[in-house]
Amino acid sequence: MLSKLFTRHRRERQAAELYVKLVEQARSPAFYTACGVPDTLDGRFEAVALHAFLVLHRLKREAPPAPDFAQALFDHMVSDMDLSLREIGVTDFSIGKKVKAMGRGFYGRVVAYDHGLAADDPAELEAALRRNLYGTVEPGAGQVRAVAAYLRREVAGLAAQPVSAFLAGEVRFGPAPDMVEAA
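Here the structure is a predicted model, which means the values were calculated and not measured. (Residues numbered from 1 in each chain as written. Predicted model: local features only at pLDDT ≥ 70, side-chain atom pairs only at ≥ 80, totals over all residues. Heavy atoms only, no water.)

Let's shift gears to the nonpolar core. Counting residues in hydrophobic clusters, the biggest one holds 54 residues, and the most contacted among them are Leu 22, Val 55 and Leu 129. Going through the elements one at a time, helix H1 (2-26), helix H2 (29-32), helix H3 (41-59), helix H4 (66-87), helix H5 (92-118), helix H6 (122-134) and helix H7 (141-159) are the ones with two or more residues in this core. Here this core takes 11 residues from H3, the largest share from any one element. In this structure Val 55 touches Leu 18, Leu 22, Leu 73, Leu 158, Phe 166, Val 171 and Phe 173, once residues within four positions along its chain are discounted. (Core = buried A, V, L, I, M, F, W, Y, C linked by side-chain atoms within 4.5 Å. Buried < 20%, exposed > 50% of the residue type's maximum accessible area, 1.4 Å probe, protein only. Helix = DSSP H or I, 4+ residues; strand = E, 2+ residues; numbered from the N terminus. Contact = heavy atoms within 4.5 Å.)

Along the chain, the position of Arg 109 falls in helix H5. In this structure the C-alpha to C-alpha distance between Arg 109 and Glu 46, which are 63 residues apart in sequence, comes to 9.0 Å.

A word on H6. Taking 1.5 Å per residue as the helical rise, H6 with its 13 residues ought to reach 18 Å, and the 17 Å between its terminal C-alpha atoms agrees with that figure. Every buried residue belonging to H6 is among Leu 125, Ala 128, Leu 129, Asn 132, Leu 133 and Tyr 134, and all of these are buried. Within H6, the buried residues cover an arc of 160° as seen down the axis, which keeps them to one side. In the core, the buried residues of H6 are packed alongside H3, H5 and H7. Among the residues of H6, the N-terminal cap falls to Asp 121, whose side-chain oxygen and the backbone nitrogen of Ala 123 are separated by 3.0 Å. (Expected span 1.5 Å × (residues − 1). Arc of directions from axis to C-beta. Polar contact = N/O pair within 3.5 Å; in protein donor to acceptor, adjacent residues only side chain to side chain.)

Before going further, it helps to examine the UniProt feature "domain: Ubiquinol-cytochrome c chaperone" (unreviewed entry) in the protein chain. Under the present numbering, the feature "domain: Ubiquinol-cytochrome c chaperone" (unreviewed entry) in UniProt falls on residues 34-173. The distance separating the terminal C-alpha atoms of residues 34-173 is 18 Å; by composition the span is 75% helix and 0% strand. (UniProt positions renumbered as here; feature names shortened; annotations may be inferred.)

In this section: the packing of aromatic side chains. Counted according to the given criterion, the structure contains five aromatic pairs. On the basis of an interplanar angle of 35° and a centroid distance of 5.8 Å, the ring pair of Phe 74 and Phe 106 is categorised as tilted. Placement of Phe 74 in helix H4 and of Phe 106 in helix H5 is noted, with a sequence separation of 32 residues between them. Judged by relative accessible area, which is 1%, Phe 106 ranks as buried. (Phe/Tyr/Trp six-rings, centres within 6.5 Å; stacked < 30°, edge-to-face > 60°.)

Structural data, given as C-alpha cells:
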C-alpha cells in the first residue's frame, strides 16, 4: 500500500519535471518570432498544448506504466492552467469552467494533430495548425510549413527516445524553427 503511494508521488514529480521541459521548449522565442505564433496568453497555451501533444502522442501506444504517466502529465498541465488563470486574476467562480473548456480544447487539438499527421496530404496538418496554434492571426505559408515540419521531425525524434527517459521526467526536443522561408 505504501509503495503505491510512493510510486504515485514519484510519477507525479517526474511528470511535473517533464512538463517543465515541454513548457520551456514551447516558450522558445523562435516560435513567436520566426514562426509567428501569437505571443499572447492564447498563443502560449497553444504552444504548450502542441508540445504536450507531442509527448502524449509518444506515450499513448506504450505499455504500462506509460498510460498512468501520461495521465499524470495531463493532470499537471491542467493544474498549471488553473494556477495560471488564478495568477492573472480570473475569479474562483469561473476558473472551473475555463479549465474545462481548455481541457476540451486540448483534446480537440490532439484529434486534429493526430489526424493531420496521419493524413496523406500535408495540407491537413497545416490546416490544423492554422486553426489551433495560430487561431486569431494569419501566419505566412512558410511559417505554417516550418511548424508542420518541426512537428513531424519531433514526432520522429521523440519516437527514437526510450520510454524510460520520459518516465524519468526527461525529454529532448530539437530546436524550434528559427529560419522560415517567406512564402
